[in-house]
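# A structural walkthrough
Below, each chain spelled out in residue letters.
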Amino acid sequence: MADTFQLEIVTPEKKVVETAAEEVQIPGKNGYLGVLPGHAPLITELSVGEIKYRENASEQRLAVAWGFAEVLPDKVTILAESAERPEEINVERARKAKERAEERLTSGDTSVDVDRALDALHRAEARLDVTSGK
């Protein structure tokens, strides 16, 4: 069995990653999914979260939001609405977005779209986690 598989991460704007990876962790709709070479085929919906992958024994991280992943024994293709490397994330903007979402959720205002506020909160938290190395 091979020690790596082909990993491609694509957004509507660009191909973000194309590499040989040793493993990847994907934020699936029902929780995180770990993939190693030779994994059984599957398709999963992505949630908001963090993709971690290892190439050449070095861990890489990306903040992602929504999309799909196709897992094959020798290739993983991730089609994400957004995928950001740590250096592409504006930390101050992410902190402010997190604060705004938390304020909306705790305001008691019945006109607040709770699902939208939760999405904004999770997206900001994922960005901050990726930049902090947690």
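Because the structure is predicted, anything quoted here is derived from the model rather than measured. (Residues numbered from 1 in each chain as written. Predicted model: local features only at pLDDT ≥ 70, side-chain atom pairs only at ≥ 80, totals over all residues. Heavy atoms only, no water.)

Let us now look at the overall build of the chain. Along the chain, the regular secondary structure elements total two helices and eight strands. Written out in order from the N terminus, the α and β elements of the chain read β-β-β-β-β-β-β-β-α-α. If you line up the chain on its principal axes, its C-alpha atoms span 55 × 25 × 25 Å. A buried classification covers 38% of the 134 residues belonging to the chain. Put simply, of all contacts in the chain between residues at least 6 apart along the chain, 52% involve residues at least 24 apart. Of the accessible surface of the chain, which amounts to about 7,800 Å², a share of 46% is contributed by carbon and sulfur atoms. The averaged location of the 26 negative side-chain charges in the chain is 4 Å from the averaged location of its 18 positive side-chain charges. (Helix = DSSP H or I, 4+ residues; strand = E, 2+ residues; numbered from the N terminus. Buried < 20%, exposed > 50% of the residue type's maximum accessible area, 1.4 Å probe, protein only. Contact = heavy atoms within 4.5 Å. Areas by Shrake-Rupley, 256 points an atom, 1.4 Å probe, with all protein chains shown as cover. Lys, Arg positive; Asp, Glu negative; His and termini not counted. Charge placed at Lys NZ, Arg CZ, Asp CG, Glu CD.)

With that settled, consider the confidence of the model for the chain. Chain-level pLDDT for the chain is 93 on average; 99% of the residues reach the 70-or-more range. Helix H2 (residues 114-132) is the least confidently modelled element of the chain, averaging 91 in pLDDT, while strand S1 (residues 5-10) averages 97, the highest of any element. (pLDDT = per-residue confidence, 0-100.)

This part covers the pattern of salt bridges. Inspection of every chain in the model, using the stated rule, returns 10 salt bridges. For Glu50, the salt bridge identified is with Arg61, shortest N-O distance 2.7 Å. With Glu50 in strand S6 (residues 49-55) and Arg61 in strand S7 (residues 58-72), the pair connects residues that are 11 residues apart, well separated along the chain. Arg61 carries the same exposure label as Glu50, and that label is buried. Ionic pairing is found between Glu92 and Arg95, a salt bridge with its closest N-O pair at 3.6 Å. (Salt bridge = Lys/Arg side-chain N within 4 Å of Asp/Glu carboxyl O.)

Time to look at the nonpolar core. If you look at the biggest cluster of nonpolar residues, it comprises 20 residues, and the most contacted ones within it are Leu7, Ile9, Val24, Ile26, Leu62, Val76 and Ile78. Of all the secondary-structure elements, those providing two or more residues to this core are S1, strand S2 (15-21), strand S3 (23-28), S6, S7 and strand S8 (75-84). Apart from the residues lying within four places of it in its own chain, the contact partners of Val24 are Phe5, Leu7, Leu33, Gly34, Val35, Ile51, Lys52, Tyr53 and Val76. (Core = buried A, V, L, I, M, F, W, Y, C linked by side-chain atoms within 4.5 Å.)

Moving on, we get to the pairing of S1. Here six bridges tie S1 to S2, and the two strands are oriented antiparallel to one another. In the strand pairing of S2, Gln6 is matched with Ala20. Count of turn residues in the S1/S2 antiparallel hairpin: four residues. Taken together, the five bridges between S1 and S8 define a ladder with parallel strand orientation. Bridged to Gln6 within S8 is Lys75. (Pairing = 2+ DSSP bridges.)

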